[in-house]
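What follows is each chain in one-letter form.
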Amino acid sequence: MKLNVNGQPHDIDADPRTPLLYVLRGDLQLNAAKFGCGLGQCGACTVLVDGEATFSCVTPILALEGKGIVTLEGLGSNDHPAPIQRAFIAEQAAQCGYCIAGMMMRAQALLQKNPHAGDAEIRAALEPNLCRCGTHMRILRAVRRAAQMMQTAQAGEPQ
Amino acid sequence: MRALRYFFGVCLALALVVAIFVFVARRPAIAPIEPPAANSFAAAQVRRGAELAAIGDCDVCHTAAGSQTFAGGRAVPTPFGTIFSTNITPDRDTGIGRWSEAAFRRALREGVRRDGQYLYPAFPYDHFTLVSDDDDRALYAFLMTQPPVRATAPSNQLPFPLNIRLLLFGWNSLFLREGPDRANAGQGDPLKRGAYLTEGLGHCGACHTPRNFLGAEQTSKKFTGGEAEGWTAYALDGSSPAAVPWTAEALQHYLQHGFDAAHGVARGPMAEVAQDLRTANADDVRAIARYVAAQHGGAGAPAPATGQQVSAQAQRGKATAPNSADSQAEVLTEKPATNGATNEEGARLYTAACAGCHEGPRAAPYGGIDLALSSGITGPSARNLVNVVLYGLRAAEAARSPIMPGFAASLNDRQIVALAAYLRARFANKPAWSDIEKTVREARRAERAASTRPAPSEEAIPPPTQRTSSNETEDEKQ
């Protein structure tokens, strides 16, 4: 079946019941999204589907035909990090880093819709994503910084 | 000249009618008092009041998300407009600090504020009017000993003429029947006690009885099911959609934990009710459960079908999946659609997105309940099912509770409609729902608040046991 990932069409040879996460990591070598709980409860696997933050571990690819999927790799790269990535680096928001890709994707979904999101909105939006290292305050600072960057540079669109 | 006289005549008559109405409808203010000192109430009375306030779910409506308990300000959507709950902390200026016990009792029984203004029946005084003198006194003692919070609720958003409170005199004349049953609060007879609590303070009918066009409960259709804040409140009488008839024991467990393995999980406003009933007096909750079970026509009678039987029936031909450490318990075979369902897309979505948990080998909370037992699927409307599919079940803090991810972002309306239709056809022995598209649109439009209600924080689920026997385990615990 066909999937559109990071703006590119892909022919996927997999059981249509396969969770998106396995296709991203196993077939497309897009390894930013992580396997955490596998139950849609921790957020490490978060990607964007038509701009909405989605748990890729519980989303079968058969539900995704014709929808636009964006992973962290679709936002920016090592050489050209996206604002959300620059902000997370600047705030050193990662401890072990396992949750961070999911955190960035959920924050991206929020800021794409509302670059002026306040602290309460950021906290509420990120609630589905867990971090076990306890870097929550740095993550919040990073999202606020990204919001400022997106407001000033209007660089919020994924590339 | 004659026309002018006629005009003045009509005006005079109208003015007279209005004057008489105002004269008849007006209620006097009750003199304010100095807020009573907390130590002027007996500790036992305050404790009793706390238990009763839990039965009455006072904090559910009188607390806004994220703010202090009983300080009001929560928006209560009604078909007529939005009503904001009031501050019932004993704050002198913005709460009920200057209300005497008589003023408090009048509010509960007649729906009139201390200053003589009418309250809207979003406040269920049509039920609270049945509460006994003693219980009113205990509730008063409890509320007046809470920390005062200075908070003024936003103004109600009601169109003219509904914003004229005096008109509620008419509503009260039509629909308010002041309590005849409050004499002994049903003490000594569990069924009478249950009736007293259910019909009065518990105000179960406020959601579970349908309302007429004036927003009053249709007494001829008592407990036949209603609606509350975007959720279906199931019938509590013989027309209950439960696949396994409720017993008093199952109901008690459900009321106290927000979950019963043979029926499913309390969501929406019912989750908050269960949260409160956890702290209520257990004998009182048992009495309510007995009375409500009796409305089903099955007080203590052996249930015609158990959860196991219904489950087994629904699972015939089901493939057993190997226990896997993997996230997605593979469901090995496509299940044949039953009840004539030929909904290919729904079947595919179910197998791919739902069956892994709902038919997998994991025990709750990591495995879902057997959908053949879910009232969300056997119920009269798809709304509750759609709410849960869209927004999921949030985890309770520091306790085992049912969990489920929401699919609002990954499934579009067409897919949710197909899935809901498939689940109905496959798991409920009931006619198909009509216009699921509309239900999905409404659920999407509704406040996401629907999803963010607290889950019961008490452990709702027994420690992992064999999943098919979990229902019996619940029953034995009682």
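Look up a bit, the structure's there.
**Q** Can you walk me through the overall build of chain A in this structure?
**A** Along the backbone of chain A there are six helices and five strands. The secondary structure elements of chain A, listed N-terminal to C-terminal, are β-β-α-β-β-β-α-α-α-α-α. Taking 159 residues into account, the globule formula puts the C-alpha radius of gyration at 15 Å, and chain A, at 15 Å, falls close to it. Referenced to the eigenvectors of the C-alpha coordinate spread, the extents of chain A come out at roughly 40 × 30 × 25 Å. By residue count, 51% of the 159 residues in chain A fall in the buried class. Sequence separation of at least 24 residues holds for 59% of the intrachain contacts in chain A that already meet a minimum separation of 6. Summing over all exposed atoms, chain A offers an accessible surface of approximately 7300 Å²; the carbon and sulfur share of this is 50%. The distance from the centre of the 14 positive side-chain charges to the centre of the 14 negative ones in chain A is 9 Å.

**Q** How should I be thinking about the pattern of salt bridges in this particular structure?
**A** Where side chains of opposite charge bring their charged atoms close, a pairing between them can arise. For the structure shown, the criterion picks out 31 salt bridges over all chains. A salt bridge links K2(A) to D11(A); its shortest N-O distance comes to 3.1 Å. The network of salt bridges with common partners includes R48(B), E51(B), R193(B) and D284(B).

**Q** Can you walk me through the nonpolar core in this structure?
**A** Burial of nonpolar side chains together is a common tendency in soluble globular proteins. All names here are of chain B. Among the nonpolar cores identified, the biggest contains 61 residues, and I55, I96, F104, L139, L143, L201 and L277 are the most heavily contacted of them. The biggest single contributor to this core is helix α6 (residues 133-144), with seven residues. When we break this core down by domain, the ones giving at least three residues each are domain 1 (25-175) and domain 2 (190-258 + 266-295). Beyond its immediate chain neighbours, meaning those up to four positions away, I96 contacts N87, I88, T89, P90, D91, F104, L143 and M144. The next biggest cluster of nonpolar side chains, apart from the first, holds 55 residues, and it includes C354, A355, I416 and I436.

**Q** Would you mind going over the sheet that holds strand β5 (residues 68-70) of chain A with me for this structure?
**A** Residue and element names in this part refer to chain A. As summarised here, the arrangement of the five strands in space is β2-β1-β5-β3-β4, forming an open sheet in which the pairing is mixed. Of all the strands in the sheet, the pair left with one neighbour each is β2 (8-11) and β4 (52-55). Averaged over all pairs of adjacent strands, the angle between their axes in this sheet comes to 40°, without regard to strand direction. Examined bridge by bridge, strand β1 (residues 2-5) and β5 share two bridges and lie parallel to one another. The partner of N4 across the bridge, within β5, is G68. Docked against the sheet, helix α1 (residues 20-27) engages β1, β3 (46-49) and β5, running at close to 75° with respect to β1.

**Q** Can you walk me through the interface of chain A and chain B in this structure?
**A** Accessible area lost upon the coming together of the parts serves often as the stated size of an interface. The interface is formed by 24 residues belonging to chain A together with 25 residues belonging to chain B. For the chain A and chain B pair, buried surface summed over both sides reaches about 1700 Å², with 58% attributable to carbon and sulfur atoms. Applying the counting rule to chain A against chain B returns one salt bridge. Residues R394(B) and E127(A) are paired through a salt bridge, measuring 3.4 Å at the closest nitrogen-oxygen approach. Run the count over chain A and chain B and you get four residue pairs in polar contact (both at pLDDT 80 or more). It is β4(A) that provides the largest number of residues to the side of chain A that touches chain B, a total of four residues. The residue makeup of the side of chain A that touches chain B, split by class, is 15 nonpolar, five polar and four charged.

**Q** Sorry, what's going on with the environment of V389(B) here?
**A** All names here are of chain B. Relative to the assigned elements, V389 resides in helix α16 (residues 383-391). Taking the C-alpha atoms as reference points, V389 and P405, separated by 16 residues in sequence, lie 8.0 Å from one another. Not counting residues up to four positions away in its chain, the partners in contact with V389 are M404, G406, F407, A408, I416 and L419.

**Q** I would appreciate a short explanation of unusual backbone geometry in the present structure.
**A** Each neighbour pair has its own omega, and for F160(B) with P161(B) the value is 5°, a cis peptide bond. On the secondary structure map, P161(B) appears in the loop between α6 and α7 (168-175). One non-glycine residue, Q29(A), adopts positive backbone phi at about 55°. Within the element layout of this structure, Q29(A) appears in the loop between α1 and β3.

Procedures and definitions
Residues numbered from 1 in each chain as written. Chains lettered and ligands numbered in written order. Predicted model: local features only at pLDDT ≥ 70, side-chain atom pairs only at ≥ 80, totals over all residues. Heavy atoms only, no water. Helix = DSSP H or I, 4+ residues; strand = E, 2+ residues; numbered from the N terminus. Rg over C-alpha atoms; globule rule 2.2 N^0.38 Å. Buried < 20%, exposed > 50% of the residue type's maximum accessible area, 1.4 Å probe, protein only. Contact = heavy atoms within 4.5 Å. Areas by Shrake-Rupley, 256 points an atom, 1.4 Å probe, with all protein chains shown as cover. Lys, Arg positive; Asp, Glu negative; His and termini not counted. Charge placed at Lys NZ, Arg CZ, Asp CG, Glu CD. Salt bridge = Lys/Arg side-chain N within 4 Å of Asp/Glu carboxyl O. Core = buried A, V, L, I, M, F, W, Y, C linked by side-chain atoms within 4.5 Å. Domains from an automatic or database assignment. Pairing = 2+ DSSP bridges. Axes fitted to C-alpha atoms, helices over the stretch in contact; angles between N-to-C directions. Buried area = accessible area lost by both parts, 1.4 Å probe. Polar contact = N/O pair within 3.5 Å; in protein donor to acceptor, adjacent residues only side chain to side chain. Nonpolar A, V, L, I, M, F, W, Y, C, P; charged D, E, K, R; others polar.

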